[in-house]
Amino acid sequence: MKALNRILDRAHQAPKRIVLCEGEDGRVLQAAERATRQGIAAILLVGARARIETAAAEHGVDLAGIELVDPADSPLTPELTRVLHGLREKKGMTREQAEQEVGKPLCFANLLVRQGHADGSVAGAVHTTAEVVRSAIQLLGLEPGCKLVSSFFLMMLCQPFHSLKGGLIFSDCGLVIDPDAEQLSHIAMAAADSARALLDEAPRVAMLSFSTHGSARHAAVDKVVEAAHRVKAQRPGLAIDEDVQLDAAIVAEIAERKLPDSRVKGNANVLIFPDLEAGNIGYKLAERIGGAEAIGPLLQGLTRPANDLSRGCSAGDIVNVIAVTTVQAQAAAARGGAAPCR
Ligand SMILES: CC(C)(COP(=O)(O)OP(=O)(O)OC[C@H]1O[C@@H](n2cnc3c(N)ncnc32)[C@H](O)[C@@H]1OP(=O)(O)O)[C@@H](O)C(=O)NCCC(=O)NCCS
Ligand SMILES: CC(=O)OP(=O)(O)O
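Given the structure is predicted, the values throughout are model-derived calculations rather than measurements.

1. Considerations on the sheet that holds strand 7 (residues 204-208)
Right, on to step 1. Across the sheet, which stays open at both edges, the six strands sit in the order 8-7-9-6-5-10 with mixed pairing between neighbours. In this open sheet, the two edge strands, each paired with only one partner strand, are strand 8 (239-244) and strand 10 (293-300). Within the sheet, the average angular offset between the axes of one strand and its neighbour, ignoring direction, is 20 degrees.
Right, on to step 2. Here strand 6 (residues 166-171) runs beside strand 9 (residues 270-272); their pairing, made up of three bridges, is parallel. Each bridged residue has a counterpart across the sheet, and for Phe 170 the counterpart in strand 9 is Leu 271.
Right, on to step 3. Helix 13 (residues 315-334) contacts strand 5 (150-157) and strand 10 of the sheet and is inclined by roughly 40 degrees relative to strand 10.

2. Some details on the site of ligand 1
Right, on to step 1. Taken together, 14 residues lie near ligand 1, and Thr 129, Arg 134, Val 149, Gly 174 and Leu 175 sit nearest.
Right, on to step 2. One nitrogen or oxygen atom from the side chain of Arg 134 is found 2.5 Å from an oxygen atom belonging to ligand 1.
Right, on to step 3. Residue Leu 175 places a main-chain N or O atom 2.9 Å away from a nitrogen atom belonging to ligand 1.
Right, on to step 4. For ligand 1, the accessible surface in isolation is 930 Å², of which the surrounding protein chains cover 57%.
Right, on to step 5. Broken down by secondary-structure element, the contributors of at least two residues to the shell around ligand 1 are helix 7 (129-140) and helix 12 (276-288).
Right, on to step 6. By residue number, the principal contributor to the shell around ligand 1 is helix 7, which donates five residues.
Right, on to step 7. Tallied by class, residues from the shell around ligand 1 come to nine nonpolar, three polar and two charged.

3. Focus on the pattern of salt bridges
Right, on to step 1. Overall, the coordinates contain 17 salt bridges when judged by the stated rule.
Right, on to step 2. Of the charged contacts in the structure, one is a salt bridge between Glu 182 and Lys 147, with a shortest N-O distance of 3.6 Å. Placement of the pair is Glu 182 in helix 8 (residues 181-199) and Lys 147 in the loop between helix 7 and strand 5, with a sequence separation of 35 residues.
Right, on to step 3. The exposure class of Glu 182 is partly exposed, given its relative accessible area of 32%.
Right, on to step 4. A salt bridge links Arg 288 to Glu 287; its shortest N-O distance comes to 3.4 Å.

4. Details of the packing of aromatic side chains
Right, on to step 1. Under the definition given, this model contains two aromatic pairs.
Right, on to step 2. Pairing Phe 153 with Tyr 283 gives two aromatic rings, centres 3.8 Å apart and planes at 20 degrees, and the pair type is stacked. Remark: Tyr 283 occurs in helix 12 and Phe 153 occurs in strand 5; sequence separation between them is 130 residues.
Right, on to step 3. Between Phe 170 and Phe 273 the ring centres are 5.4 Å apart and the planes differ by 55 degrees, which places this aromatic pair in the tilted class. You can see Phe 170 sitting in strand 6 and its partner Phe 273 sitting in the loop between strand 9 and helix 12, a full 103 residues away along the chain.
Right, on to step 4. For Phe 170, a relative accessible area of 7% corresponds to the buried category.

Reading the values: the criteria
- By convention here, each chain's residues receive numbers from 1 onward along its written sequence.
- Chain letters and ligand numbers both follow the written order, the letters beginning at A and the numbers at 1.
- The predicted origin of the model limits local features to residues at a pLDDT of at least 70 and limits the giving and counting of side-chain atom pairs to 80 or more, whereas totals for whole chains, interfaces and linings rest on all residues.
- Note that the side-chain values use all heavy atoms of the structure and ignore hydrogens as well as water.
- Here, a strand pair is defined by DSSP locating no fewer than two bridges between the strands.
- Runs of E in the DSSP output that reach at least two residues are strands. Runs of H or I that reach at least four are helices, and both are numbered from the N terminus.
- The convention used is that axes are lines fitted to C-alpha atoms, helices contributing only their stretch in contact, and that angles between N-to-C directions extend from 0 to 180 degrees.
- Note on definitions: a residue-residue contact is assigned when non-hydrogen atoms from the two residues lie within 4.5 Å.
- It suffices for a single heavy atom of a residue to lie within 4 Å of a molecule or strand for the residue to be listed as near it.
- Counting of polar contacts relies on pairs of N or O atoms within 3.5 Å, with two restrictions inside protein: one atom must be capable of donating a hydrogen and the other of accepting it, and residues adjacent in sequence are counted only when both atoms are side-chain atoms.
- Shrake-Rupley sampling with a 1.4 Å probe provides the accessible areas, and residues are treated as covered by the protein chains on show and by no other component.
- For this classification, Asp, Glu, Lys and Arg are treated as charged, while Ala, Val, Leu, Ile, Met, Phe, Trp, Tyr, Cys and Pro are nonpolar and the rest, including Gly, are polar.
- Salt bridges are defined by distance alone: a side-chain nitrogen of Lys or Arg within 4 Å of a carboxyl oxygen of Asp or Glu.
- Whether a residue is buried, partly exposed or exposed follows from its accessible area with a 1.4 Å probe, protein chains only, as a fraction of its type maximum: under 20%, in between, or over 50%, in that order.
- A pair of Phe, Tyr and Trp rings is counted when the ring centres sit within 6.5 Å of each other, with Trp represented by its six-membered ring. The angle between the planes then sorts it: under 30 degrees is stacked, over 60 is edge-to-face, the rest tilted.

Written out as structure tokens, the structure is:
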């Protein structure tokens, strides 16, 4: 079964409560309707009820089976306001500011997840990545033992013309702008864990560069090599190639020529980009010119699932991110509940 079908199937087996906070957007409404019909999530739409209903009518979307939650009249609003104020008081937030903030759907949605009223959130069809990520970091916090939140895309290569088929993890293409070697090593280890969880395969990691095993010399290459050494020290069993060019990472014959003693052998399923410029441009090239399906940006390192979207996403992209969010929430439940929010 294809990786994406496996994820949709897993979501269907145990749907979770996923909250969307951009319910006036036609793509989000269509995705909410499809996810409900497909049984991959119980959808909560947060926002002004009258405006969501008007938008649904305009887009011909049936809201049956979808729960509308309006912060203006929700019985949960006082609880969430108390929680937000408690969290942000030290940073100078007043009670009045907390009341105002809770009225904003993105904040309300992540507080629902924090308090266990929902199992995961998806936003970013309208909000920027910076807004989505800041809210998730501030309201959900970092997983115990985790120092850095980062992101990855699940890239699906399923077209007849794709010589390489199946799912690949690209990271970080959405969040950490200019990681140092230590941060890059955290991104690589988190992405390897995400590959294990979502691809059902052992991770094979390529630390991408414009150099293959010292073929070029530059501080940018040194950073990638140092990051790879840090990963090797902490995960000695992990298959990883340090400073490897993209062709040697994914084409076996080129790996044999450029990197004969590679552990990954041109068969990488986790591509780690050296910084966000390379990562963001790289994933959009693969999607828009290469015909790959890009699912994400999916966040790694948070206490509970909260995922982002590109503002260029389609309704189908949103459905896929909802399915992944359900699978992440199932994993959190299987671990004995989500980690406590800090
Ligand atoms: C995500 C992003 C907004 C964080 O920016 P920032 O300026 O560091 O964020 P803030 O200063 O508002 O940080 C808020 C808090 O989150 C923490 N934080 C920021 N990034 C973090 C990360 N990756 N992991 C963990 N914590 C992080 C900060 O340390 C700060 O903590 P503090 O309040 O305890 O000091 C920034 O990295 C960004 O803009 N990334 C690019 C997003 C983007 O445009 N992507 C392209 C399209 S996908
Ligand atoms: C991931 C990403 O690039 O998001 P956006 O297109 O919304 O900037």
